[in-house]
Every structure is written in C-alpha cells, then in structure tokens.
Amino acid sequence: MALQGPIPVTFDMVFPHGCYVVGEVEPVKDFDASAGGRFVQARDKQTGELVWQVAVMDGDPTLKPAQKTVAVKILAPVQPVPPQPMPGLPFTPVEFDGMSVTPYVNAAGRLAYSIKVREMHPPRQLNQPAQPAQSKAPAGKDAA
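Residues numbered from 1 in each chain as written. Predicted model: local features only at pLDDT ≥ 70, side-chain atom pairs only at ≥ 80, totals over all residues. Heavy atoms only, no water.

1. Points about the pairing of strand β6 (residues 92-97)
Judged by how many residues are buried, β6 sits mostly within the fold: five of six residues are covered. Alignment of strand β2 (residues 19-21) against β6, held across three bridges, turns out to be antiparallel. Across the sheet, V21 pairs through a bridge with T92, a residue of β6. Strand direction decides the pairing type here: β6 and strand β9 (residues 119-121), joined by three bridges, are antiparallel. Note that in β9 the partner of E95 across the bridge is H121. (Buried < 20%, exposed > 50% of the residue type's maximum accessible area, 1.4 Å probe, protein only. Helix = DSSP H or I, 4+ residues; strand = E, 2+ residues; numbered from the N terminus. Pairing = 2+ DSSP bridges.)

Written out as structure tokens, the structure is:
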C-alpha cells in the first residue's frame, strides 16, 4: 500500500469551518521515558522534534458537543505561542500548516485521528490586507 505513516492533509480539509484555541499549549509527556516523578517530553518518531499539544474547538455547527474539542499536536523545537486573542471574541481563531492525520482505533473501539501540525498562526483571512473599494456602477455606465 502506498500510504505509510501520517497522511498529509490541509487545514480546510480538517477544519472547513475554522477552529479556535480553547486551552494552553503544553508539552506532551513521553510515558515510556518518564519515570520516578521525572517528566520527559515526547519527541515525534519520524522527525525527532519535540511534541506540544493544544486543545482547539472545531467551528463545525453540526458537531455534537462531545465532538467539538480536539487535541492538536504541534511539532516544534520550542513551545509555540498561540495567536493574540481578538477583541470581542470568546475564543482565539487559529490556523495550522504542515498538517497530517494518523488514523487509529480508540479505547472505545471507534475510529479516531491523531492530528499533527508544523505551524500555528492567525487565520489567513485575518492577515490579508484589505482589498481596495470597487465602484458599484456597472462598467461603461454612469452612476445615477
């Protein structure tokens, strides 16, 4: 089979309605290496990068409440910083780049996905410069 390991995906494939940071960025514990009260941070098996985790809420209005919050693992050499909160919004919008998903069967015997990303940043639409205003008059006609 051609698919081996994590499956590359785009942000829009995973979060077509956007997503929002609802937790702190925290290091992921390597349960095999941590022992005797000593914390060892996990490293990604493919890249060797440190693994961080942040809880995000999926903006999909059709999801059940229990399905809305998911953990996203971020591979980075230093702790990533979420985008700045936006005035008037209860949660911070976020986008991810370098995304992949790894399917697995969870403890309840259901299909689930582990989401890994390389970068976290504000949504692109919020970063784009404003477009110049266009005339509302149809081309070739004078506005009345």
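2. Re the nonpolar core
F15, V54, V56, V72, F96 and M99 are the most contacted members of the largest nonpolar core, which totals 20 residues. Secondary-structure elements contributing two or more residues to this core are β2, β4 (51-58), β5 (69-75), β6 and β8 (111-117). Sorting elements by how many residues they give to this core places β4 first, with three residues. If we ignore the near neighbours within four places in the chain, the residues touching M99 are I7, P8, V9, T10, F11, V14, F15, I115, K116 and V117. (Core = buried A, V, L, I, M, F, W, Y, C linked by side-chain atoms within 4.5 Å. Contact = heavy atoms within 4.5 Å.)

3. Structural notes on the pattern of salt bridges
Considering all chains together, one arrives at four salt bridges under this definition. For the salt bridge of K116 with D44, the shortest nitrogen-to-oxygen distance reads 2.7 Å. Of the two residues, K116 sits in strand β8 while D44 sits in the loop between β3 (26-27) and β4, which places them 72 residues apart along the sequence. The exposure class assigned to K116 is buried, which follows from its relative accessible area of 18%. For R118, the salt bridge identified is with E49, shortest N-O distance 3.8 Å. Placement of R118 in the loop between β8 and β9 and of E49 in the loop between β3 and β4 is noted, with a sequence separation of 69 residues between them. Here the salt bridges do not stand alone but share partners, grouping E95, D97 and R124 into one network. (Salt bridge = Lys/Arg side-chain N within 4 Å of Asp/Glu carboxyl O.)

4. With respect to the environment of K29
Relative to the helices and strands, K29 resides in the loop between β3 and β4. Its relative accessible area of 36% is what places K29 among the partly exposed residues. Along the primary structure K29 and Q41 are separated by 12 residues, whereas in three dimensions their C-alpha atoms are 4.8 Å apart.

5. Here we look at the environment of P90
The topology assignment puts P90 in the loop between β5 and β6. Measuring from C-alpha to C-alpha, the distance between P90 and Y20 comes to 9.4 Å, with 70 residues separating the pair along the chain.

6. Overview of the pairing of β4
Burial within β4 is extensive, with six of its eight residues counted as buried. In terms of strand pairing, β2 meets β4 through three bridges, oriented antiparallel. Across the sheet, residue C19 finds its bridge partner in β4, namely D58. Here β3 runs beside β4; their pairing, made up of two bridges, is antiparallel. The residue of β4 that forms the bridge with P27 is W52. Note that β4 and β5 share seven bridges and pair antiparallel. Looking at the pairing, V54 lines up with V72 of β5.

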